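# Coordinates in review
Each chain, written out:
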Amino acid sequence: MNDDQKKIQSMALELIRAAERDTFRPNLANDILDSLPGIRNGSFFSLPFEAQRGKLGWVNGAFFGRGERAVALFKKGMLREDFDAEFNRDIERYFQFPSGL
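Below is a short write-up of the structure.

What counts and what doesn't
- Residues numbered from 1 in each chain as written.
- Predicted model: local features only at pLDDT ≥ 70, side-chain atom pairs only at ≥ 80, totals over all residues.
- Heavy atoms only, no water.
- Axes fitted to C-alpha atoms, helices over the stretch in contact; angles between N-to-C directions.
- Helix = DSSP H or I, 4+ residues; strand = E, 2+ residues; numbered from the N terminus.
- Parallel < 35°, antiparallel > 145°, perpendicular 65-115°, else oblique.
- Left-handed = near helix turned anticlockwise from the far one by under 90°.
- Contact = heavy atoms within 4.5 Å.
- Nonpolar A, V, L, I, M, F, W, Y, C, P; charged D, E, K, R; others polar.
- Phe/Tyr/Trp six-rings, centres within 6.5 Å; stacked < 30°, edge-to-face > 60°.
- Buried < 20%, exposed > 50% of the residue type's maximum accessible area, 1.4 Å probe, protein only.
- Core = buried A, V, L, I, M, F, W, Y, C linked by side-chain atoms within 4.5 Å.

### Section: the packing of helix H3 (residues 49-64) against helix H5 (residues 83-96)
Any two packed helices are characterised by how steeply their axes cross, that is the angle between the axes, and by the distance between the axes. Closest axis-to-axis distance for the H3/H5 pair is 11 Å, and the angle between their directions is 160°. Our classification of the angle between H3 and H5 gives roughly antiparallel. Crossing angle aside, the handedness with which H3 passes H5 is left-handed. Every residue of H5 that contacts H3 at Phe49, Gln52, Arg53, Leu56, Gly57, Val59, Asn60 and Phe64 is listed here: Phe83, Asp84, Phe87, Asn88, Ile91, Tyr94 and Phe95. Tallied by class, residues from the contact of H3 with H5 come to nine nonpolar, four polar and two charged.

Shown next as structure tokens:
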């Protein structure tokens, strides 16, 4: 994995850990893992780039965009305040300049 992919993986795992702690919505972490198959071991990045784009875009939109599924995670302090902006910035950079492809 290149540095951009490692950063995205790290942030996705941070989001998954926060979702796993949300006892009110026990399947939230599974939704992320289902959307990003192989993110834990890095094999996600062997998927075709367009598949990565679609899956990362879905997670970004569902959790931080119109879906706002992560609002409760922010309110409960399970995600740091700037997580959404950083995650969006990192995946947008990756979408524009996919190094190592």
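### Here's the deal with the packing of aromatic side chains
In the structure shown here, the tally under the stated rule is nine aromatic pairs. When the ring of Phe63 is compared with that of Phe64, the centres are 6.4 Å apart and the planes differ by 55°; the resulting orientation is tilted. Here the aromatic rings of Phe64 and Phe83 are separated by 5.7 Å at their centres, their planes lie at 50°, and the arrangement is tilted. You can see Phe64 sitting in helix H3 and its partner Phe83 sitting in helix H5, a full 19 residues away along the chain. Judged by its relative accessible area of 18%, Phe64 falls in the buried class. Given a relative accessible area of 0%, Phe83 falls into the buried group. An aromatic cluster is built from Trp58, Phe63, Phe64, Phe74, Phe83 and Phe87, whose rings are joined through pairwise contacts.

### Section: the nonpolar core
In terms of nonpolar packing, the biggest core is built from 29 residues, with Leu15, Leu36, Leu56, Phe63, Phe64, Leu73 and Leu79 touching the most fellow members. Listed by contribution, the elements that provide at least two residues to this core are helix H1 (3-20), helix H2 (28-35), H3 and H5. Residue contributions to this core peak at seven residues, all from H1. Other than its neighbours up to four places away in sequence, Leu56 contacts Ile8, Leu36, Phe44, Ile91, Tyr94 and Phe95.

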